[in-house]
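Results of the structural survey
Here is how the chains run, residue by residue.
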Amino acid sequence: VTTTGQVTGTNYDGLTAISYDATGTDVTVSAVNVTGGRRGIYARNNGSGTQLVTVNGTVTGGTDEGIGTITGAGKSTTITLNFGADVSSASGTALTNDDGNSTTLVNLGASVTGTVSLGGGNDDLTFDGGNFSNVTTLDGGADTDTLTFRNVNATAASANLVNWENVLVDAGATVALDGNVTTTDLTVAGGGNFTQTSGLVTASGTLTNNATATVSNLSAGAVLNDFGAQLSLQGAVGGAVNNYGNL
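Read on for a plain summary of the structure.

What counts and how
- Counting of residues starts from 1 at the beginning of each chain's written sequence and follows it residue by residue.
- At least 70 in pLDDT is required for a residue's local features to be given in this predicted model, at least 80 for side-chain atom pairs to be given and counted, and no such filter applies to totals for whole chains, interfaces and linings, which use all residues.
- Only hydrogens and water are set aside; all other atoms, that is, all heavy atoms of the structure, feed into the side-chain values.
- For helices the rule is a DSSP run of H or I covering at least 4 residues; for strands it is a run of E covering at least 2, with both sets numbered from the N terminus onward.
- Residue contacts follow a heavy-atom distance rule, with two residues in contact if any of their heavy atoms lie within 4.5 Å.
- For the purposes of these results, a polar contact is taken to be a pair of N or O atoms within 3.5 Å, where, inside protein, one atom must be able to donate a hydrogen and its partner to accept one; residues adjacent in sequence count only when each atom of the pair is a side-chain atom.
- Two rings belonging to Phe, Tyr or Trp (six-membered ring only in the last case) form a pair when the distance between their centres is within 6.5 Å. Interplanar angles under 30 degrees mark stacking, angles over 60 mark edge-to-face geometry, and anything in between is tilted.
- Remark: exposure states derive from per-residue accessible area (1.4 Å probe, protein chains only) relative to the maximum for the residue type, with buried under 20%, exposed over 50%, and partly exposed in between.
- In this scheme, the term charge over a ring applies when either NZ of a lysine or CZ of an arginine sits within 6 Å of the ring centre and within 35 degrees of the ring normal.
- In this description, strands pair whenever DSSP reports at least two bridges between them.

1. Considerations on the environment of N56
- Relative to the helices and strands, N56 resides in the loop between β6 (51-55) and β7 (58-61).
- Separated by 26 residues in the primary sequence, N56 and N82 place their C-alpha atoms 5.2 Å from one another.
- Not counting residues up to four positions away in its chain, the partners in contact with N56 are S30, A31, V32, N82, F83, G84 and A85.
- Separated by 3.1 Å, the side chains of N56 and N82 make a polar contact.

Shown next as structure tokens:
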């Protein structure tokens with residue numbers, strides 16, 4: 001399904017693409033501006049192939065999410081938000097995925113407002129220049145999930161990052177937030193900058209700083225390895241600290 005202009009669904013979804021046939025292959029959606037009374041975009045693939053959703057404009061949902069995708073366990077969805085994409089919903093839920101695997105890329109000039117909930121499956125969410133300042137919750141869900149910030153500079157007030165196995169603040173990224181972080185591993189790569197001014201970092205594995213990091217509170221059981229130029233701990237530290245840089 002490809003749209004080049006405004007699509008509006010007053011009472012239901014703005015744009016729906018569904019393959020119910022288990023013998024089917026791919027589902028592909030390319031959209032510009034979509035508004036739905038329920039969802040903005042709803043894509044579902046029961047077939048054996050992949051599902052691709054590409055957005056180049058404003059997608060707005062109503063009572064449900066801005067973009068909702070379903071593929072089922074073991075299958076995959078790729079969502080790409082390009083320059084000019086702006087995904088939100090009156091419900092507060094911007095994007096959801098079911099138990100299928102997913103890859104979501106928020107590129108330069110794209111933005112997400114509200115909650116992202118990726119469900120089960122192995123999910124990768126990357127903000128590569130995209131705007132996350134209006135995000136409230138980024139939820140990786142069950143299984144093995146990775147959240148990456150790259151080439152971004154933004155502050156997300158009261159944003160919570162939950163149910164991640166890996167959170168990476170990559171080179172060229174400056175990330176500031178005031179919420180909680182729940183992950184197995186949190187890594188600040190060389191050239192990255194992570195600031196958490198309030199809330200709790202719950203890392204059941206390792207927090208690794210290779211650049212600049214500020215953490216308000218660190219949970220018990222975490223191991224903090226500091227190799228960076230600067231690490232600032234502003235509150236309670238419940239885990240072990242190995243300092244090889246500047247603390």
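2. A look at the packing of aromatic side chains
- As enumerated under the stated definition, the model contains three aromatic pairs in all.
- When the ring of F127 is compared with that of F149, the centres are 5.8 Å apart and the planes differ by 15 degrees; the resulting orientation is stacked. Note that F127 is positioned in strand β14 (residues 123-128) and F149 in strand β16 (residues 145-150), a separation of 22 residues in sequence. Like F127, the residue F149 is buried in the burial classification.
- Considering the side-chain rings of F132 and F149, the 4.9 Å spacing of their centres and the 55 degrees angle between planes classify their relative orientation as tilted. One end of the pair, F132, is in strand β15 (residues 131-139); the other, F149, is in strand β16, with 17 residues separating them in the sequence.
- In this structure F132 comes out as buried when scored by relative accessible area, which is 3%.
- Taking the ring centre of Y42 as reference, the NZ or CZ of R39 above it sits at 3.9 Å.

3. Section: the pairing of strand β11 (residues 93-97)
- Within β11, four of the five residues are buried, which leaves the element mostly enclosed by the surrounding structure.
- By the bridge criterion, three bridges tie strand β8 (residues 67-70) to β11 in an arrangement that is parallel. By the bridge assignment for β11, I67 is matched with L95.
- Pairing analysis gives three bridges linking β11 to strand β13 (residues 111-117), with the strands arranged parallel.

These results come straight from atomic positions and should not be treated as a statement about function.
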